Each structure stands twice: as structure tokens, then as C-alpha cells.
Amino acid sequence: MKGFDEIQQLWQGQKPEPNVSFETVLKHIKSDRTSLAKKLFWQSMAVGAAIILLLWMCIAVDFSTWTTYLALAIMVGCISYYFFTQLDDYRNISNSGHLLSKPQDYINYLKAFQQKRNRFNTRNYAIYEACIAVAFALYGIEMYFVLPFWTFIGSVIFIVFWFLICHFVFMKQYISNENARIAEMIGNLERIKGQFRDR
């Protein structure tokens, strides 16, 4: 009996969830979708600028080793893949607004989109990182002949450190923030799912 009284007190101590209007939650979902789309768009533009810069380097700079040109080709290939994938995901999330009238379809779409993004941000990104690392190693051959020895060693240490920071800090935070935004959209859709049928 004592356990029942404690459970009853806990229930009475819980604050009821505030009654949020359908329009407010729907506006929040649209805002989250727009924010995610903008983020993907500007990342695509930044990556596009990097591709243009690398292509310009291939034409304008006279490198002394063929390994540097191979490194640039690998980088352009990897960054182009990243660019087109980000651009495709931007278009997909931007054009998903028509699903708002079918909340369960939109929930399923967002879950599939989240899985696709997680695969891209983990497995595919690891392959991307490995290819970029190979490109830096190939470029390092030229740098070995051009830079003083200790400057070269310092550059290698910096690049390795930067790769580790990107992989273990920035990418984890990026994935966490993106998942949180998509999960919030899914949660909001599930909260108001019943109200769609009444409209």
C-alpha cells in the first residue's frame, strides 16, 4: 500500500504537458526543415568553392611531381562526391513539404532520411576521410622536397592532428546536432498526427 501511495504522489507531482496549438507545432516543423535545408545548401556551396579552387590549382600551379596531380584528382573526386550528395539531400529535404498533409508518410520519410544521413556521415565519411588522407600523403611527397625538414614534419603533425579533431570532435557534434533536429521534427509530427486527420 505504501508503494501505491508513493506512485500516486509521483503522478500528482507531474506537471501536465502544455497544450500547444497545431499551428505552432506545424510552424516549428517547417522552421526546422528550412534550417536543415539551409545548412545543407551552404555546406554544398562551400564544398563547390573548394572544387573550383582545386581545379584552378591543377591548371595554374606547376607542380614538380606527378603524385601531386594524382592527389588533386583524388581530392576533386572525393569532394565532388560530397558536393553532389549534400546537394541531393538539400533538394530532398527542401521538397519534402508536400508530405506535411500525410504525417505518417512524412515521419517515415524523415526516418529514412535520417538513416541515409547517418550512413553518409559515418561509413561513407570514413571512406571519404581515407581517400583524402591518401591524397595528402601523395601531396606530401612534393612537400618533402620543397619544405625544410622540420617544417615538413610540423605540417604532417598538424594535418594528422586536424584529421583526428575533425573525426572525433567536429563530426560527432555535427551528427549529434543533425540527428537532434530530425528527431525533433519527427517528435513534433507524432505529437500532432491526430490533429491532421481532424482537418
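Residues numbered from 1 in each chain as written. Predicted model: local features only at pLDDT ≥ 70, side-chain atom pairs only at ≥ 80, totals over all residues. Heavy atoms only, no water.

Caption draft 1: Quick peek at the side chain of serine 44. Among the structural elements, serine 44 can be located in helix H2 (residues 22–60). Once you skip the residues sitting within four places of it in the chain, serine 44 turns out to touch Phe83, Gln86 and Leu87. (Helix = DSSP H or I, 4+ residues; strand = E, 2+ residues; numbered from the N terminus. Contact = heavy atoms within 4.5 Å.)

Caption draft 2: Representation of the state of the cysteines in the model. One pass over the structure, following the stated rule, counts 0 disulfides. The thiol of cysteine 131 is unpaired, and the distance to the nearest cysteine sulfur, on cysteine 78, comes to 4.1 Å. (Disulfide = S-S within 2.5 Å.)

Caption draft 3: Layout of the nonpolar core. Core analysis: the biggest nonpolar cluster contains 40 residues, and Ile29, Ile79, Ile93, Tyr106, Leu110, Tyr128 and Leu189 have the highest contact counts within it. Within the residue set of this core, elements represented by two or more residues are H2, helix H3 (66–94), helix H4 (103–146) and helix H5 (149–197). (Core = buried A, V, L, I, M, F, W, Y, C linked by side-chain atoms within 4.5 Å. Buried < 20%, exposed > 50% of the residue type's maximum accessible area, 1.4 Å probe, protein only.)

Caption draft 4: Representation of the environment of lysine 111 in the model. Its location among the elements puts lysine 111 in helix H4. Ignoring anything within four residues of it in the chain, the contact list for lysine 111 reads Ile186 and Glu190.

Caption draft 5: Highlighting the confidence of the model for the chain. Averaged over every residue, the pLDDT of the chain is 84; the share at 70 or more is 85%. Element-level mean pLDDT values for the chain span from 42 in helix H1 (residues 2–13) up to 93 in H3. The model gives residues 1–17 a pLDDT under 50, and that stretch makes 1 contact with residues more than four places away or in other chains. (pLDDT = per-residue confidence, 0-100.)

Caption draft 6: Molecular detail of the packing of aromatic side chains. Scanning the entire structure with this criterion turns up 16 aromatic pairs. An angle of 80 degrees between the planes, with centres 5.6 Å apart, marks the rings of phenylalanine 63 and tyrosine 69 as edge-to-face. For phenylalanine 63, a relative accessible area of 10% gives the class buried. Seen in terms of ring centroids, phenylalanine 136 and phenylalanine 163 are 5.9 Å apart; in terms of plane orientation they differ by 90 degrees. Their pairing is edge-to-face. With a gap of 27 residues between them, phenylalanine 136 in helix H4 and phenylalanine 163 in helix H5 connect regions that are remote in the sequence. When its relative accessible area of 30% is taken as the criterion, phenylalanine 136 is described as partly exposed. Counting every residue linked through ring pairs, the aromatic cluster contains Tyr81, Tyr82, Phe120, Tyr125 and Tyr128. (Phe/Tyr/Trp six-rings, centres within 6.5 Å; stacked < 30°, edge-to-face > 60°.)

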